[in-house]
Amino acid sequence: IEHRLNTEYEKLRKQVQYYNAAINRNQLAVFLLGGVSTGLVMFDLAPWVAVTIAVTDLLNEYASTLTWSERMAVANQAQSQLMTWKNWWEALSDGEKMKSNKKDMLVEKVEGFIKAVTDSWLASKRAAAEEEEEEEEEDLRGGADDPMSAAVAASQQLSSTVSNRKGLSSTVRAEVLAAER
């Protein structure tokens, strides 16, 4: 019983560490790109500012799509629940641990919990697959915008916003206007 509990606990602990490291790496990259973007503005490189901001948005969307934060929260809750049951089991006297109803109760709770976590994961995968299929069908029907043209439009809008700010040279403004055409 304790082996199964400890195995699941360690598995969840490793998941939490993985998601935490992934979130931290992603946020560091976003932070660094923000600094690069600021530097590019200082050197009047407005078109490249749009590129760095687009990459930053891409990284944020990537993290959002993979739902790292949500997965880490679920793993933390699961880890906490398993630790609660482990502490309950360890607090029992040796005599209590030998009673079959206590063993059965612990096994039932832990195995039921593992099944619930697995079912939840499978349901989220199914929902994501169905959502992806719906988006593909919408794309085939022509209901969705072309992602590339939407990205170009966003880049042009950002470039024009940046070029309208005070302090940019007329050369940069002319380059931005030429790029928009």
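Residues numbered from 1 in each chain as written. Predicted model: local features only at pLDDT ≥ 70, side-chain atom pairs only at ≥ 80, totals over all residues. Heavy atoms only, no water.

**Quick word on the packing of aromatic side chains**
- On inspection of all chains with the given rule, the structure shows 4 aromatic pairs.
- For the ring pair Y18 and Y19, a centre distance of 5.4 Å and an interplane angle of 65° mean the geometry is edge-to-face.
- Judged by centre distance (5.7 Å) and plane angle (85°), the rings of Y62 and W68 are edge-to-face. (Phe/Tyr/Trp six-rings, centres within 6.5 Å; stacked < 30°, edge-to-face > 60°.)

**Some thoughts on the side chain of Q79**
- Assignment of secondary structure puts Q79 in helix 3 (residues 68-91).
- Among residues more than four places away in sequence, those in contact with Q79 are Y9, L12, R13 and V16. (Helix = DSSP H or I, 4+ residues; strand = E, 2+ residues; numbered from the N terminus. Contact = heavy atoms within 4.5 Å.)

**Quick look at unusual backbone geometry**
- Backbone geometry places D44, a non-glycine residue, at a positive phi of 55°.
- With respect to the helices and strands, D44 occurs in the loop between helix 1 (2-42) and helix 2 (46-66).
- A positive phi is found at T67, a non-glycine position, where the angle reads about 50°.
- Secondary-structure assignment places T67 in the loop between helix 2 and helix 3.

**A short note on helix 3**
- An ideal rise of 1.5 Å per residue puts 34 Å on 24 residues; helix 3 measures up with 34 Å between its terminal C-alpha atoms.
- Among the residues of helix 3, those classed as buried are W68, M72, A75, A78, Q79, L82, W85 and W89. (Expected span 1.5 Å × (residues − 1). Buried < 20%, exposed > 50% of the residue type's maximum accessible area, 1.4 Å probe, protein only.)

**Digging into a negative patch on the surface**
- A cluster of acidic residues, E130, E131, E132, E133, E134, E135, E136, E137 and E138, forms a negative patch on the protein surface.
- Along the chain, the position of E134 falls in helix 5 (residues 100-141).
- The class for E134 is exposed, based on a relative accessible area of 52%. (Patch = residues over 30% accessible without salt bridge, like charges linked within 9 Å, V, L, I, M, F, W, Y side chains within 5 Å. Areas by Shrake-Rupley, 256 points an atom, 1.4 Å probe, with all protein chains shown as cover. Salt bridge = Lys/Arg side-chain N within 4 Å of Asp/Glu carboxyl O. Lys, Arg positive; Asp, Glu negative; His and termini not counted. Charge placed at Lys NZ, Arg CZ, Asp CG, Glu CD.)

**Looking at the pattern of salt bridges**
- Inspection of every chain in the model, using the stated rule, returns 6 salt bridges.
- One salt bridge connects E111 with R4, and the closest N-O pair in it is separated by 2.7 Å. Residue E111 is located in helix 5, and its partner R4 is located in helix 1; the two are separated by 107 residues in the primary sequence.
- The partly exposed category is assigned to E111, whose relative accessible area is 34%.
- Of the residues examined, R4 reaches a relative accessible area of 34% and is grouped as partly exposed.
- Here K99 makes a salt bridge to E96, at a shortest N to O gap of 3.1 Å.
- The exposure class assigned to K99 is partly exposed, which follows from its relative accessible area of 40%.
- Linked through salt bridges whose partners overlap, the residues forming this network are R4, E8 and E111.

**Looking at the side chain of S37**
- Among the structural elements, S37 can be located in helix 1.
- Not counting the four nearest positions on each side in its chain, S37 is found in contact with V49, T52 and I53.

**Notes on the confidence of the model for the protein chain**
- Taken residue by residue, the protein chain gives an average pLDDT of 77. The fraction at 70 or more is 77%.
- Here helix 7 (residues 170-180) is the element of the protein chain with the lowest mean pLDDT, 44, and helix 1 is the one with the highest, 90.
- In the predicted structure, residues 158-181 sits below a pLDDT of 50 and forms 25 contacts with residues beyond four places in sequence or in another chain. (pLDDT = per-residue confidence, 0-100.)

**Focus on the environment of W88**
- In this fold, W88 is placed in helix 3.
- Judged by relative accessible area, W88 falls into the partly exposed class, the value being 27%.
- Separated by 18 residues in sequence, W88 and L106 place their C-alpha atoms 9.2 Å apart.

**Considering the packing of helix 1 against helix 3**
- Remark: helix 1 packs on helix 3, axes separated minimally by 9 Å, with the N-to-C direction vectors making an angle of 150°. One finds that helix 1 runs roughly antiparallel with respect to helix 3. Crossing hand, helix 1 versus helix 3: left-handed.
- Here the residues of the contact of helix 1 with helix 3 are counted per class, giving 15 nonpolar, 7 polar and 5 charged. (Axes fitted to C-alpha atoms, helices over the stretch in contact; angles between N-to-C directions. Parallel < 35°, antiparallel > 145°, perpendicular 65-115°, else oblique. Left-handed = near helix turned anticlockwise from the far one by under 90°. Nonpolar A, V, L, I, M, F, W, Y, C, P; charged D, E, K, R; others polar.)

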